[in-house]
Amino acid sequence: TPFAKKGTGTMKVKMILPALTEAKSPFFRPLKYSLFPPLGLATLAAYLDLAAREHAEIVTPVAAESWPSNRASRATFETLVRPIEDAVRAGCDAVFLDLHGAMVTEDCDDPEGEIARRVRRIAPEVPIAVTLDYHTNLSGELVDNATVVTGYKTSPHVDMYDAGMLAGSILVRALDGASEPVM
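None of the values given here were measured: they were computed from a predicted structure.

Visitor: For this particular structure, what's the right way to read the overall build of the chain?
Guide: Helix and strand content of the chain: five helices and seven strands. Its helices and strands taken in sequence order, the chain reads β-β-α-β-β-α-β-α-β-α-β-α from the N to the C terminus. Evaluated residue by residue, the chain yields a buried proportion of 51% over its 183 residues. Long-range pairs, those at least 24 residues apart, make up 78% of the contacts in the chain with a sequence separation of at least 6. If you sum the accessible surface of the chain, you get close to 8700 Å²; carbon and sulfur atoms cover 57% of it.

Visitor: So what exactly am I meant to see when it comes to the pairing of strand β6 (residues 128-132) here?
Guide: Working note: regular strand, side chains alternate between the two faces of the sheet. Summarising burial for β6: five of the five residues are buried, a large majority. Burial along β6 is two-sided: the residues Ile128, Val130 and Leu132 and Ala129 and Thr131 are all buried. Two strands pair when backbone bridges link them, and strand β5 (residues 95-98) and β6 are joined in this way by four bridges, in the parallel orientation. Among the inter-strand pairings, Asp98 is bridged to a residue of β6, identified as Thr131. The β-α-β motif built from β5, the intervening helix α3 (residues 111-122) and the parallel element β6 has right-handed crossover chirality. Relative to strand β7 (residues 148-151), β6 runs parallel, the two being bridged by four bridges. Paired with Thr131 across the two strands is Thr150, which belongs to β7. A crossover links β6 with its parallel partner β7, the connecting element being helix α4 (residues 140-145), and its sense is right-handed.

Visitor: Help me understand the side chain of Ser73, please; the structure alone is not making it clear to me.
Guide: Note on placement: Ser73 falls in the loop between β4 (64-65) and α2 (74-89). Within the structure, Ser73 has its side chain in polar contact with the side chain of Thr76 (distance 2.9 Å).

Visitor: Can you walk me through the nonpolar core in this structure?
Guide: Buried together is how nonpolar side chains tend to be arranged in soluble globular proteins. Membership of the largest hydrophobic core comes to 23 residues, with the highest contact counts inside it found for Val95, Leu97, Ile115, Val119 and Val130. Broken down by secondary-structure element, the contributors of at least two residues to this core are α2, β5, α3 and β6. Top contributing element to this core by residue count: α2, with five residues. One finds Ala94, Phe96, Leu171 and Val172 within the second-largest nonpolar core, a separate group that totals 13 residues.

Thresholds, definitions, all that
- Residues numbered from 1 in each chain as written.
- Predicted model: local features only at pLDDT ≥ 70, side-chain atom pairs only at ≥ 80, totals over all residues.
- Heavy atoms only, no water.
- Helix = DSSP H or I, 4+ residues; strand = E, 2+ residues; numbered from the N terminus.
- Buried < 20%, exposed > 50% of the residue type's maximum accessible area, 1.4 Å probe, protein only.
- Contact = heavy atoms within 4.5 Å.
- Areas by Shrake-Rupley, 256 points an atom, 1.4 Å probe, with all protein chains shown as cover.
- Pairing = 2+ DSSP bridges.
- Right-handed = clockwise from strand over helix to strand, strands pointing away.
- Polar contact = N/O pair within 3.5 Å; in protein donor to acceptor, adjacent residues only side chain to side chain.
- Core = buried A, V, L, I, M, F, W, Y, C linked by side-chain atoms within 4.5 Å.

Shown next as structure tokens:
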């Protein structure tokens, strides 16, 4: 499997956690971690808890959020996606993507599918977990390139942590050889 426990019993996990929705918004800003994170970081909290439980190394190349607004520019999208690609190229055992599922850019109606495809192209054997909003525009490209896809089920999204924990737990079981997710 792509997961090999090191001599220390740890795994290296690249945590790819952008909320890339409508990043052209004037409200767009990179996130800084705080005691009281925005609701969008609940999924990140689940991934971090899971990584701590598994004694995993965590790498978060980008974390960002945006209020709904307009189509994101290609330049904004690339600014957010390139650090993800660089982190995956550096090597990892798993990728966790916390996405929205309804983003659009000036030249693409399925940026989340593009992210999954680009990650998969760089690391064909590395499992990818994705969490999405329940009103996502779920595409074949995203499904074809992800190992696990889960979504929030409530509005307001009080179950974001649970969705992240579900996606992450399934992926960890796959890494351990205890399950083989099928999309």
